[in-house]
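# Coordinates in review
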Amino acid sequence: MFATHRKAVRYALIAALGGFLFGFDTAVISGVEKTIQQLWHLSDLWHGFTVSAALFGTAFGALFSGRPAERWGRKNMLKIIGFLYAFTSIATALSHHWIDFIVFRFLGGLAVGASSVVGPMYISEISPARLRGRLVGFFQLNIVVGILVAFLSNYFLMKYLGPGAWRWMLGVQALPALIFFVLVFWIPESPRWLVGHDHLEQARGVLQKLQAEHIEASLQEIQQSLRHRDDLVKEKLWQKKYARPIAYAMLLAMFNQLSGINAILYYAPRIFEMTGIQADLAFLQAMMVGLTNLIFTIIAMSVIDRFGRKTLLIIGSLGMIAFLGLTARAFYLNVQGGYEVMIYLIGFIAFFAFSQGAVIWVFISEIFPNRVRSKGQAIGSTTHWTMDILISWLFPWMAATLGGGNSFLIFTVMMVLQLIFVWRFLPETRGKSLEEIQAALGIDVQPEHVSAYDHS
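Here the focus is the packing of aromatic side chains. Under the criterion given, the structure shown has 25 aromatic pairs. With 5.4 Å between their ring centres and 55° between their planes, Trp-40 and Phe-101 make a pair best called tilted. With Trp-40 in the loop between helix H2 (33–39) and helix H3 (44–64) and Phe-101 in helix H6 (residues 98–126), this residue pair connects regions lying 61 residues apart in the sequence. When its relative accessible area of 0% is taken as the criterion, Phe-101 is described as buried. Ring geometry for Tyr-248 versus Phe-421: centroids 6.2 Å apart, planes at 50°, classification tilted. Here the residue Tyr-248 occupies a position in helix H13 (residues 243–258), and Phe-421 occupies one in helix H20 (residues 403–424), the gap between them amounting to 173 residues. Phe-421 shares its class with Tyr-248; the two are buried. Here the aromatic cluster, defined as three or more aromatic residues joined through ring pairs, consists of Trp-46, Phe-49, Phe-56, Trp-98 and Trp-393. A cation over an aromatic ring shows up here: Arg-424 above the ring of Trp-423, its NZ or CZ 5.9 Å from the ring centre.

Taken together, the side chains of Arg-6, Lys-7, Arg-10 and Lys-209 make up a positively charged region of the molecular surface. Among the elements that line the positive patch, the one with the most residues is helix H1 (residues 6–28), at 3 residues. In this structure, Lys-209 sits in helix H11 (residues 200–209). By relative accessible area, Lys-209 is classed as partly exposed at 37%.

This part takes up the confidence of the model for the chain. Residues at a pLDDT of 70 or more form 89% of the chain, whose mean pLDDT is 84. Here residues 447–456 is a poorly scored stretch, pLDDT under 50, and it has 19 contacts once near neighbours within four places are set aside; other chains count.

Two elements in contact, helix H5 (residues 74–93) and helix H9 (residues 174–184), have axes whose closest approach is 8 Å; the angle formed by their N-to-C orientations is 160°. As far as their axial angle goes, H9 and H5 are roughly antiparallel. The element H5 and its partner H9 pack so that their crossing is left-handed. Every residue of H9 that contacts H5 at Lys-75, Leu-78, Lys-79, Ile-81, Gly-82, Phe-83, Tyr-85, Ala-86, Ser-89 and Ile-90 is listed here: Ala-174, Ala-177, Leu-178, Phe-180, Phe-181 and Val-184. Taken together, the residues of the contact of H5 with H9 break down into 12 nonpolar, 2 polar and 2 charged.

For the rest of this paragraph, the subject is the side chain of Lys-310. Examined against the element boundaries, Lys-310 turns out to sit in helix H16 (residues 309–332). Buried charge Lys-310 goes without a salt bridge, the closest partner of opposite sign being Glu-428 at 7.3 Å. Only 3.5 Å separates the side chain of Lys-310 from the backbone oxygen of Val-422, close enough to count as a polar contact. Apart from residues lying up to four places away in sequence, Lys-310 is in contact with Val-422, Trp-423, Leu-426, Pro-427 and Glu-428.

Residue position: Ser-89 is located in helix H5. Look at Ser-89 and you get buried, because its relative accessible area is 5%. Only 3.1 Å separates the side chain of Ser-89 from the backbone oxygen of Tyr-85, close enough to count as a polar contact. Every residue in contact with Ser-89, bar those within four places of it in the chain, is listed here: Leu-170, Gly-171, Gln-173 and Ala-174.

Quick look at the nonpolar core now. By size, the foremost hydrophobic cluster in this structure holds 141 residues, and its most contacted members are Leu-78, Phe-348 and Phe-408. Counting residues per element, this core draws most heavily on H1, at 13 residues. In this structure, Leu-78 is in contact with Ala-15, Val-118, Gly-119, Tyr-122, Phe-180, Val-184 and Ile-187, ignoring residues within four places of it in sequence.

Turning to the pattern of salt bridges, a few remarks are in order. The final tally for this structure, using the stated rule, is 6 salt bridges. As a salt-bridge pair, Arg-270 and Glu-33 come within 3.0 Å of each other at their nearest N and O atoms. Taken together, the residues span a long stretch of sequence, with Arg-270 in helix H14 (residues 261–273) and Glu-33 in helix H2 at a distance of 237 residues. Taken individually, Arg-270 and Glu-33 each receive the classification buried, so the pair is uniform in this respect. With a shortest N-O distance of 3.1 Å, Arg-74 and Glu-70 are connected by a salt bridge. You can call Arg-74 buried: its relative accessible area is 3%. Glu-70 gets classed as partly exposed once you look at its relative accessible area, which sits at 27%. One network of salt bridges, with partners in common, ties together Glu-70, Arg-74, Glu-125 and Arg-192.

With that settled, consider unusual backbone geometry. Here His-41, not a glycine, exhibits a phi torsion of approximately 50°, which is positive. Taking relative accessible area as the criterion, His-41 reaches 71% and is therefore assigned exposed. The phi dihedral of Asn-334 is positive, around 55°, even though this residue is not glycine. Note that Asn-334 resides in the loop between H16 and helix H17 (339–354).

How each quantity is defined
- Residues numbered from 1 in each chain as written.
- Predicted model: local features only at pLDDT ≥ 70, side-chain atom pairs only at ≥ 80, totals over all residues.
- Heavy atoms only, no water.
- Phe/Tyr/Trp six-rings, centres within 6.5 Å; stacked < 30°, edge-to-face > 60°.
- Helix = DSSP H or I, 4+ residues; strand = E, 2+ residues; numbered from the N terminus.
- Buried < 20%, exposed > 50% of the residue type's maximum accessible area, 1.4 Å probe, protein only.
- Lys NZ or Arg CZ within 6 Å of the ring centre and 35° of its normal.
- Patch = residues over 30% accessible without salt bridge, like charges linked within 9 Å, V, L, I, M, F, W, Y side chains within 5 Å.
- Areas by Shrake-Rupley, 256 points an atom, 1.4 Å probe, with all protein chains shown as cover.
- Salt bridge = Lys/Arg side-chain N within 4 Å of Asp/Glu carboxyl O.
- Lys, Arg positive; Asp, Glu negative; His and termini not counted.
- Charge placed at Lys NZ, Arg CZ, Asp CG, Glu CD.
- pLDDT = per-residue confidence, 0-100.
- Contact = heavy atoms within 4.5 Å.
- Axes fitted to C-alpha atoms, helices over the stretch in contact; angles between N-to-C directions.
- Parallel < 35°, antiparallel > 145°, perpendicular 65-115°, else oblique.
- Left-handed = near helix turned anticlockwise from the far one by under 90°.
- Nonpolar A, V, L, I, M, F, W, Y, C, P; charged D, E, K, R; others polar.
- Polar contact = N/O pair within 3.5 Å; in protein donor to acceptor, adjacent residues only side chain to side chain.
- Core = buried A, V, L, I, M, F, W, Y, C linked by side-chain atoms within 4.5 Å.

Given below as structure tokens:
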């Protein structure tokens, strides 16, 4: 099947490199955060703000990249994203002043946020229907691979270059970013965007290049879908009938971050050093966290349609409660040496990747009707990034003020609340049509082609 659509697969893999850079940029900060705190004499709160600076950019990039992608095209936006990744990685690595570091991390965050929107959008629009799920899945998989490679890079640079390696850790991202930037010039524009801007001949040529079947019928289908989109754009999300999906999306996104996942990814070496191990071993253990994340993400992607979203979340909640609780206990008992905490955190990462990491975006995309799906996903994404900012900003203060035991106890309690929420309230969506899901949520099921004006 892949052989039949080689070019579509090739273009999707190139766009998915943006996901690799997303993951790399997210995790690379774990290798430098302690050094920059000492370099610029930052308090715990200002240190947390410095680490989370990129996340402010990510939130803005995710919220506001849709409009320029619609105006300038998906391909041009991917070029801009690739340039931003390359430029900001070098500029951040060369920063000698704290404010410069903050500005360039923020700009890099814009690339991360825009990539999270434009990359999957482009892939979905150039993919054959029967391959779309797997090809879009490449983007998520590449994020996890990028996280692992960042941990690997940090470990080896620390091992061979010592404390001064932090600039190399940040700058090395420029190489894959430049490769991504160059490769984007060789991919075609999205046929859906071309049709939407009346470039029908170019769209026809792209569909031929993608070896699409029934090209004229595909063009008519795209034109019809764009007309439906224009008709439905005025449908409001904040209505009583959407209260349950809005609540589910926001709560699931909140619990995603209240598990402490990104506190662990951003501060993994520091957490391991809190148990008394040497810095190079702390970086090695962080690498094990990234490898576990990759393995269990792949496993989850292969079974999510077999076991169901709710089942994975319940299993994950139970596992995360157990391993976060054991981590808190290890800190209360002042366990030294690091290996016990490493085992517990690897267990936590395995259950997170198997559940929340794989389920959140699938579930949020399913519980909203077509007419408000993009707005619903924006709510979920905004909640996710806002909580990510808060946790990454506050964690250094939490660890210093409350201690490791109390910090991980808070995460444990949050996962107990998540378990109750999922078990008692969250519906299962596996194997159900969108209409069946909406009916189960109490949403008035209407044909998706009905004009938004008919709902007023």
